[in-house]
Amino acid sequence: MNTKIAIQGIKGSFHHQVAQEYYYQNVEVDECLSFEELVDSLLSGKSDQAVMAIENSIAGPIIPNYALIDKNNLHIIGEHYLDIHQNLMALRGQKIEDIQEVHSHPMALLQCMEFLKKYPNIKLVEDKDTAETARRIHQNQLKGIAAIASKTASEMYELEILAPEIQTINNNMTRFVIIKKENSFVAENEINRASIKFELDHKRGSLAAVLNVMSDCKMNLTKIQSLPKIETPWKYSFFVDVTFDKYEDYAKAKALLTIMAEYFKVLGEYKNTKP
Ligand SMILES: O=C(O)C(=O)C[C@]1(C(=O)O)C=C[C@@H](O)C=C1
């Protein structure tokens, strides 16, 4: 049986592009219109794995997704980086002067703010997905509304590109993680990146001590994100990504952190694919 992959969005979205690059061109996808729906698809067994955007180089982290992975005890088994090219598109024959509203995924709007600032009279509307917005404009023949989406979406949903490459800087990348309900076995010699979560005692130097241990164990910290622990106001969980050369160095860091932290959890151990 083919593996079914949950994506946020529909065919033509950036999640779809990642699924095609990470798995194969005709991969079977479950199109979900929110990240919560994507997690439900995994938990209910409707899909086997999911592709989830976690961070964009212009717009920053998608913080709720850290909590979704953690809260539902999902496992990160891989990652994929995608170059994101955003385009303004509308029904054929429409000019930019005809556009009153631009609809797109909030992360996509954020990536194009410099361009959008040039058109202060155009209303920005957050939507569920870049490609779904493009499809709706086509299906309902909506005049005066433009979408921000990929070139592929403009082709699939027969829209004309009014302005290509409108992301604030050319080099715009999103990091996606590949998640699963059950952990997959990844061979130790394949693993050189890990995503971990820990909570520390509110003592002076407790975070500094943990960071020192990581450095002593030759861990390269690539990301640190703190999230409030909602049940304990003003206490935080730390979500950290590390890369390393030798699994045994990481295993040592893990053993020490288990002792030092009030709480320690591995979200995933996988292969680093950062370009
Ligand atoms: O709307 C899409 O096409 C998506 O795949 C969603 C999403 C995101 O969640 O960040 C994916 C990558 C881009 O950074 C913009 C939007």
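Residues numbered from 1 in each chain as written. Predicted model: local features only at pLDDT ≥ 70, side-chain atom pairs only at ≥ 80, totals over all residues. Heavy atoms only, no water.

**A look at the layout of surface pockets**
The condition that has to hold: We place a 1 Å grid over just the protein atoms. Points where a 1.4 Å probe fits but has no way out form a cavity, open points with protein on both sides within 12 Å along at least 5 of 7 lines form a pocket, and any residue with an atom within 4 Å of a point lines it. Grid points are joined across faces, edges and corners, and a volume is the space filled by probe spheres set on the points. Numbering of helices and strands runs from the N terminus; a helix is a DSSP stretch of H or I covering at least four residues, while a strand is a stretch of E covering at least two. Gly falls in the polar group here, along with every residue not listed as nonpolar (Ala, Val, Leu, Ile, Met, Phe, Trp, Tyr, Cys, Pro) or charged (Asp, Glu, Lys, Arg). Annotation comment: domain bounds sourced from an automatic or database domain assignment.
By volume, the largest pocket is sized at about 310 Å³. As for the largest pocket, its lining consists of Ala 67, Asp 70, Lys 71, Lys 197, Glu 199, Leu 227, Pro 228, Lys 229, Ile 230, Glu 231, Ser 237 and Phe 239. Counting only elements with at least two residues in the lining of the largest pocket, the list comes to α3 (63-71), β12 (193-199), β13 (220-228) and β14 (236-243). No other element matches α3, which puts three residues into the lining of the largest pocket. Class assignment for the residues of the lining of the largest pocket results in five nonpolar, one polar and six charged. Residue contributions to the lining of the largest pocket reach at least three from each of two domains, namely domain 1 (4-83 + 172-180) and domain 3 (188-270). Its volume calculated, the second largest pocket comes out at about 230 Å³. Glu 55, Ser 57, Tyr 81, Arg 175 and Lys 274 are the residues nearest the centre of the second largest pocket, which is lined by 14 residues in total.

**Digging into the site of the ligand**
The criterion, for reference: One heavy atom suffices: a residue is near a molecule or strand as soon as one of its heavy atoms comes within 4 Å of it. Between N or O atoms, a polar contact is any pair within 3.5 Å; within protein, one atom must be a potential hydrogen donor and the other a potential acceptor, and residues adjacent in sequence are included only when both atoms are from side chains. Note on areas: Shrake-Rupley, 1.4 Å probe, and residue coverage restricted to the protein chains presented here. Being in a pocket or cavity means that more than half of the molecule's atoms lie within 2 Å of its grid points.
Close to the ligand lie 15 residues; His 15, Gln 111, Asp 129, Thr 130 and Thr 174 are nearest. Asp 129 places a polar side-chain atom, nitrogen or oxygen, 2.9 Å from an oxygen atom of the ligand. Notes on the ligand: free accessible area 370 Å², of which the protein chains cover 100%. Cavity membership is defined here by more than half of the atoms lying within 2 Å of grid points; on that basis the ligand lies in the largest cavity. Elements with a contribution of two residues or more to the shell around the ligand: α1 (14-22), β3 (49-56), α4 (106-111) and β11 (173-180). Taken together, the residues that form the shell around the ligand break down as seven nonpolar, seven polar and one charged.

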